[in-house]
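Chain residues, written in single-letter form:
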Amino acid sequence: MSDTKIIKSALISVYYKDNLEPIIKKLHALNVKLYSTGGTLAFIQKLNIPVTAVEDITSYPEIFGGRVKTLHPAIFGGILNRRDNESDKKEKAQHHIPDIDLVIVDLYPFEETVAAKASEQDTIEKIDIGGISLIRAAAKNFNDVIIVSSRNDYADVLQLLETKNGASNINDRKHFAAKAFATSSHYDTAIFNYFNITEAIPQFKQSIQQSQVLRYGENPHQKGTFYGNLNELFTKLNGKELSYNNLLDVDAAVNLMGDFTEPTFAILKHNNACGVASRNTIYQAYVDALLGDPVSAFGGILIGNKTIDLATATEINKLFCEVVIAPAYDEDALQLLKSKANRIILIQNKVQFSTNSFRTLLNGVIEQDKDLKTEVESDLKSVTTKQPTSTEIKDLLFANKLVKHTKSNTIVFAKNGQLLASGTGQTSRVDALKQAIVKAQNFGFDLQGAVMASDAFFPFPDCVEIAKNVGITAVIQPGGSIKDKESIDYCNANGLSMVITGIRHFKH
């Protein structure tokens, strides 16, 4: 038996009517009988195309302010009856139920209503009942029915109508059914997450409709896909597509820069900052950030939080870098940066980020609140006889922002609003400290008068002792070790100041 089906009837009931007219006109040209409701019915009538109201099939009016329109056996029977089932054929004839071969329906804009911060009453009214039921029914019976569940699929169904003159095969119908179940699943997830803000039911549900296939994953032998809307966050001005590894670095860069308001530039490599500086101008911020580690900066991700001018772009253009991110670019600066065809240039737009994060782990997923705590001066508790100077306090807070965004275990050295060096991702805090010292010395930095930040407490006083011997004068750390007193006593005996925040910033 052929799996080809001819569309002879269609139910159309949609919220969004953009680009619907060509479909309706094509269906009419193919002599397809149309059924509709409410605003869609009026829309079709204005086109002077014959259409039958659903009420004429059900002999029942819309009720409860439109809450109940299509929820009727005559409608769902027309969709769900199995065309090759003899029992279904008899019941269909007995109850005078017409076949419905094509269903075009979308859903009330629930997510848009939530995003607009509408009242609870208005939000609840945007929970679609009839539409979601029609979608699931038509998708279930894909052997006989085509379901179009989103305005995003209008072009696809129109092409099908035009190329096949109202016919479809099982692959066509199954394709639309799969997209329909994706639509219904996403919609229900959005509703659940809205209610779960207050109910806190311990279930993990996420749904992202947009996706972008990447060139490959972390390595060329791995496949990779980004799920999300990059165009919402960035305006791309130049360059190739972002890779998997680019995206990881860009994410780290955006999160880091979110903690700075003064003109600041950062250079990142493998998710860690290798250069950061805050200055009076974005030009000087870039120049001093690059001094932090000009070797690692090669092929890195650059991000600034102020408009990139020509002077800054001229310096950037001397460096091979994968990505440049900023809130804006002067036109002459942009033209210079675009001289490298593959260099990715992004404008970062203002968007609201989620306040939680998750990752796959073992045979499941772990979820947590994002680390959104950024310490300010009032969070600092001085625990040593010597108090940090105002300049040191400023540098301590600067360095503490950097350890928050650096892989653990980490130690950061900073001075005058500049990252001098960091030890990153080490298995011991002493190793992180020693790595930072070597890096600082390799690039000619004098650590005398610099400050040290640690993402977690010092289990022993060895770190402050080593730091003191290379010139560190002030330390910031979370505290919390049973041996905190040993580190504090060493600082008191050797003229260092130490502040404790009470907040650990592990990052794995």
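Refer to the structure above for everything that follows.
This structure is a prediction, so every number in the text was calculated from the model and none was measured. (Residues numbered from 1 in each chain as written. Predicted model: local features only at pLDDT ≥ 70, side-chain atom pairs only at ≥ 80, totals over all residues. Heavy atoms only, no water.)

1. Comments concerning the environment of glycine 304
Right, on to step 1. Residue placement: glycine 304 occurs in strand 13 (residues 300-304).
Right, on to step 2. For glycine 304, the residues in contact, after removing those within four places along its chain, are Met257, Thr264, Phe265, Ile282, Ile325, Ala326 and Pro327. (Helix = DSSP H or I, 4+ residues; strand = E, 2+ residues; numbered from the N terminus. Contact = heavy atoms within 4.5 Å.)

2. Some details on the sheet that holds strand 4 (residues 52-53)
Right, on to step 1. One open sheet accounts for 5 strands, arranged 4-3-2-5-6; its pairing is parallel. For this open sheet the edge positions go to strand 4 and strand 6 (146-148), each flanked by a neighbour on one side alone.
Right, on to step 2. The pairing of strand 2 (residues 9-13) with strand 3 (residues 33-36) spans 4 bridges and is classified as parallel. Residue pairing in the sheet places serine 9 in a bridge with lysine 33 of strand 3. (Pairing = 2+ DSSP bridges.)

3. Here's the deal with the packing of helix 1 (residues 21-29) against helix 9 (residues 154-164)
Right, on to step 1. Look at helix 1 against helix 9: their axes get within 10 Å of each other, and the N-to-C directions meet at 25 degrees. Regarding the angle of helix 1 to helix 9, the classification is roughly parallel. Of the two possible hands of crossing, helix 1 and helix 9 adopt the one that is left-handed. In this structure, helix 1 uses Pro22, Ile23, Lys26 and Leu27 to contact helix 9, whose residues at the interface are Tyr154, Val157, Leu158, Leu161 and Glu162. (Axes fitted to C-alpha atoms, helices over the stretch in contact; angles between N-to-C directions. Parallel < 35°, antiparallel > 145°, perpendicular 65-115°, else oblique. Left-handed = near helix turned anticlockwise from the far one by under 90°.)

4. Some remarks on the side chain of serine 422
Right, on to step 1. By the secondary structure assignment, serine 422 is in strand 20 (residues 418-423).
Right, on to step 2. Looking at serine 422, the relative accessible area reads 6%, which means it is buried. (Buried < 20%, exposed > 50% of the residue type's maximum accessible area, 1.4 Å probe, protein only.)

5. Re the pattern of salt bridges
Right, on to step 1. Per the stated rule, a full pass over the model turns up 19 salt bridges.
Right, on to step 2. Salt-bridge contacts for aspartate 88 lead to arginine 82; the nearest nitrogen and oxygen are separated by 2.7 Å.
Right, on to step 3. On the basis of relative accessibility, which here comes to 12%, the residue aspartate 88 falls in the buried class.
Right, on to step 4. Notably, a salt bridge pairs aspartate 455 with arginine 429, separated by 2.4 Å at the nearest N-O pair. Of this pair, aspartate 455 sits in the loop between strand 21 (451-454) and helix 18 (462-469) while arginine 429 is found in helix 17 (residues 429-442), placing the two residues 26 residues apart along the sequence. There is no split in this pair, since aspartate 455 and arginine 429 are both buried.
Right, on to step 5. Within the structure, one salt-bridge network assembled from shared partners comprises Arg83, Lys92, Asp99 and Asp101. (Salt bridge = Lys/Arg side-chain N within 4 Å of Asp/Glu carboxyl O.)

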